[in-house]
Amino acid sequence: AVRHAINCAINKENVIEVAQSGLGEVADSQVPMTLLGASDENADHYDVEKAKEWMEKSGVDPSTIELSILCSNDARRRAAEVIQADLREIGIEATIESTDLATFFSLLTDGNFTGAIGGYNDSNLAMYLKGVYHTDSNKFRLTDPEIDAMIDDALTTVDQNERETKLQKLCAVLNERCSIVPLWQ
């Protein structure tokens with residue numbers, strides 16, 4: 001519920017305007033909506049009141065959350081500043097940690113972070129999902145055998161229509177679980 005709260009609290013349009021000079025589209029879904037099989041079913045949207053409801057539902061005192069946002073360049077730092085201000089609205093005091101790119105990747109690889117602004121690209125949704133969410137390859141310490149099995153199943157499905165249906169179901173599950181906070185695409 002805390003991740004949903006964070007996801008709903010961030011005004012992604014402001015993030016795009018400040019960090020990307022307005023170049024980009026809001027990403028509500030856990031996956032890029034431009035890829036075959038993407039779905040925004042169960043996705044969170046910017047809604048501060050909903051964010052406060054998620055925090056209350058979590059039972060966690062937002063003032064006890066320790067969140068440091070790791071970023072590796074000026075654009076990501078600007079994004080982190082918007083996020084920091086937005087999270088303050090729901091009682092979370094986030095800090096920002098700027099590093100060079102080598103240190104950023106080292107911290108990600110070692111798992112020494114509580115939050116990070118990164119990016120991942122692929123032109124195939126199943127491969128994107130493997131890189132971002134599969135236990136064998138993600139940097140976010142996500143371990144979920146059900147998600148892994150769904151990704152593996154989609155990767156081995158040859159029929160495009162059947163694969164698309166499986167990917168859409170998987171996207172809906174990922175949106176419901178809210179493992180990451182997508183910002184823009």
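Analysis parameters
Residues numbered from 1 in each chain as written. Predicted model: local features only at pLDDT ≥ 70, side-chain atom pairs only at ≥ 80, totals over all residues. Heavy atoms only, no water. Helix = DSSP H or I, 4+ residues; strand = E, 2+ residues; numbered from the N terminus. Rg over C-alpha atoms; globule rule 2.2 N^0.38 Å. Buried < 20%, exposed > 50% of the residue type's maximum accessible area, 1.4 Å probe, protein only. Contact = heavy atoms within 4.5 Å. Phe/Tyr/Trp six-rings, centres within 6.5 Å; stacked < 30°, edge-to-face > 60°. Lys NZ or Arg CZ within 6 Å of the ring centre and 35° of its normal. 1 Å grid on protein atoms, 1.4 Å probe; cavity = no way out; pocket = protein on both sides within 12 Å on 5 of 7 lines; lining within 4 Å. Points joined across faces, edges and corners; volume = space filled by probe spheres on them. Nonpolar A, V, L, I, M, F, W, Y, C, P; charged D, E, K, R; others polar.

What the protein contains, in helices and strands, is eight helices and three strands. By the compact-globule yardstick of 16 Å for 185 residues, the protein fits well, its C-alpha radius of gyration being 16 Å. Counting only C-alpha atoms and orienting by the principal axes, one finds that the protein spans roughly 45 × 40 × 30 Å. In the protein, which comprises 185 residues, the share counted as buried stands at 45%. Once local pairs closer than 6 in sequence are excluded, the contacts in the protein between residues at least 24 apart make up 72%.

Time to look at the packing of aromatic side chains. This model, assessed by the stated rule, comprises two aromatic pairs. Judged by centre distance (5.5 Å) and plane angle (75 degrees), the ring pair of Phe104 and Phe105 falls under edge-to-face. Residue classification places Phe104 among the buried positions, given a relative accessible area of 2%. Centroid distance Tyr120 to Tyr128: 5.7 Å. Interplanar angle 65 degrees. Geometry classified as edge-to-face. Taking NZ or CZ as reference, Arg141 lies 4.7 Å from the ring centre of Phe113, over its face.

Next up on the list: the layout of surface pockets. By volume, the largest pocket is sized at about 1,500 Å³. Ala116, Gly118, Phe140, Ile180 and Val181 are, among the 47 residues lining the largest pocket, the residues nearest its centre. Counting only elements with at least two residues in the lining of the largest pocket, the list comes to α1 (2–9), β1 (67–71), α4 (74–88), α5 (101–110), β3 (115–116) and α6 (125–133). It is α5 that provides the largest number of residues to the lining of the largest pocket, a total of four residues. Looking at the lining of the largest pocket residue by residue, the class counts come to 29 nonpolar, 13 polar and five charged.

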